[in-house]
Amino acid sequence: METPETVVVFNPNSGDRQHVEELRERATLRGFALRETADAGDSVTLAREAADTGASTVVAAGGDGTVNEVLRGIDAAGALESVTFGVVPTGTGNNFADNIGVTGIGQAFDVVADGERRRIDLGRTDDALFANSCVVGLTAEASGATSDEMKQRLGPLAYVVTTLRALPEFDSLPVSVDVFEDGRERTAWSGDATMVLVGNARRFVWGDDTQADVEDGLFEVTVVEDLSMVDAMSETVSGRLFSGESEHVTRFLAPALDVTIQTPTSARFSLDGEILQRELLSLQTDPGAVEVAVGDDYDPEPRPQ
């Protein structure tokens, strides 16, 4: 059987599930092959099979977790150099899609078919990758605690709810963040943190302008120091915590870094929503790792914060 040029790997359970028929219809009209997942991990397997059998474009239809799995499948096939990656945002969290200028299902299919292509960076660890972000601390705990049922019922608000629920019981993490650049290592931050946020395509700022420069070979790192519940609530609600005005936040750029949990126990790291349990996580950028179909609103040189 002839291999289709474009394969859409589709999670029918993502988001509110209201997009299933539209996806099938648009894929049929475009002549794209649709591969639906049934079990956890299927997105990785289906993407790998599509890349292995010669598809020129492999598309993730789902949220940030599906984006991560499809990229892992393409990577496992050794095809990041040869395959174009696309996204159709149908998940609860579609932050990566937003950051590459893709904001709706119809527009996404247009972008996959005719949109501009850009080579963007990926983030890597020893055994995993991420497109959007890697976080540890309160945000990662909330991500791991957000159920599929809550996502379907509340949408993006589900992450806010679980974060607020976790806040009273969350103990700050004693961490060290060591940066590697130009063959040298330095400690960029050390102390008790509420969260460490490492952005590849994502910039952790207040508002809608969350796209980082995803073509510069650098992570945008945000460290939020230990906060009392009252301080965290007041600053988050007012928007100051991620506005660049807070004295509790440290920001820097780095091509590679180690995040070390300075306790005998490990912590949860969330890579595009995929959870790893580690005491130490080494992260490095993979510059220009994959070609991506981007929308008109994608900015190759976003304004730094």
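These lines cover the structure that appears in this document, whether it is placed above or below. Keep in mind that what you see is a predicted model, and the values were worked out from it rather than measured.

## Let's talk about the packing of aromatic side chains
And step 1. Considering all chains together, one arrives at 3 aromatic pairs under this definition.
And step 2. Judged by centre distance (6.0 Å) and plane angle (15°), the ring pair of Phe32 and Phe109 falls under stacked. Here Phe32, found in the loop between α1 (20–30) and β2 (33–36), pairs with Phe109, found in helix α5 (residues 105–114); they are 77 residues apart in sequence, far enough to count as distant.
And step 3. Since its relative accessible area comes to 14%, Phe32 is described here as buried.
And step 4. Classification of Phe109 as buried rests on a relative accessible area of 2%.
And step 5. A centroid spacing of 5.6 Å and a plane angle of 20° characterise the contact between Phe130 and Phe219, whose relative ring orientation is stacked. Of the two residues, Phe130 sits in strand β6 (residues 129–130) while Phe219 sits in strand β10 (residues 219–225), which places them 89 residues apart along the sequence. Accessibility classification places Phe130 together with Phe219 in one group, the buried group.

## Describing α1
And step 1. When α1 is considered as a whole, its buried residues turn out to be Val20, Leu23 and Ala27. The arc that holds the buried residues of α1, viewed along the axis, is 65°, so those residues lie on one side. Turned more than 90 degrees off the buried face of α1, the exposed positions are Glu25, Thr28 and Leu29.
And step 2. Looking at the buried residues of α1, the elements they touch are β1 (6–10), β2, β3 (57–62), β4 (84–89) and α5.
And step 3. Among the residues trailing α1, Gly31 stands out with phi positive, at a value near 80°.

## Regarding the pairing of β3
And step 1. With 6 of its 6 residues buried, β3 lies for the most part within the structure.
And step 2. By the alternation rule, side chains of β3 split into Thr57, Val59 and Ala61 and Val58, Ala60 and Gly62, which are all buried.
And step 3. Pairing of β3 with β4, which is carried by 6 bridges, proceeds in the parallel orientation. By the bridge assignment for β4, Val58 is matched with Phe85.
And step 4. Read from β3 through helix α3 (residues 64–76) to β4, the crossover connection turns out right-handed.

## Regarding the nonpolar core
And step 1. Membership of the largest hydrophobic core comes to 49 residues, with the highest contact counts inside it found for Val58, Leu71, Ile74, Phe85 and Phe96.
And step 2. Sequence-distant contacts of Val58, that is, excluding residues within four places in its chain, are made with Val7, Val9, Ala47, Ala50, Ala51, Val70, Ile74, Val83, Thr84, Phe85 and Gly86.
And step 3. Counting 26 residues, the second-largest nonpolar core is a separate cluster that includes Val175, Phe219, Val221 and Leu283.

## Considering the packing of α1 against α5
And step 1. Remark: α1 packs on α5, axes separated minimally by 11 Å, with the N-to-C direction vectors making an angle of 25°. Taken as axis vectors, α1 and α5 run roughly parallel relative to one another. As α1 runs across α5, the sense of the crossing is right-handed. Contact residues: Glu22, Leu23, Arg26, Ala27 and Arg30 in α1; Ile105, Gly106, Phe109, Asp110, Ala113 and Asp114 in α5.
And step 2. Of the residues that constitute the contact of α1 with α5, the class distribution is 5 nonpolar, 1 polar and 5 charged.

Rules and cut-offs
Residues numbered from 1 in each chain as written. Predicted model: local features only at pLDDT ≥ 70, side-chain atom pairs only at ≥ 80, totals over all residues. Heavy atoms only, no water. Phe/Tyr/Trp six-rings, centres within 6.5 Å; stacked < 30°, edge-to-face > 60°. Helix = DSSP H or I, 4+ residues; strand = E, 2+ residues; numbered from the N terminus. Buried < 20%, exposed > 50% of the residue type's maximum accessible area, 1.4 Å probe, protein only. Arc of directions from axis to C-beta. Contact = heavy atoms within 4.5 Å. Pairing = 2+ DSSP bridges. Right-handed = clockwise from strand over helix to strand, strands pointing away. Core = buried A, V, L, I, M, F, W, Y, C linked by side-chain atoms within 4.5 Å. Axes fitted to C-alpha atoms, helices over the stretch in contact; angles between N-to-C directions. Parallel < 35°, antiparallel > 145°, perpendicular 65-115°, else oblique. Left-handed = near helix turned anticlockwise from the far one by under 90°. Nonpolar A, V, L, I, M, F, W, Y, C, P; charged D, E, K, R; others polar.

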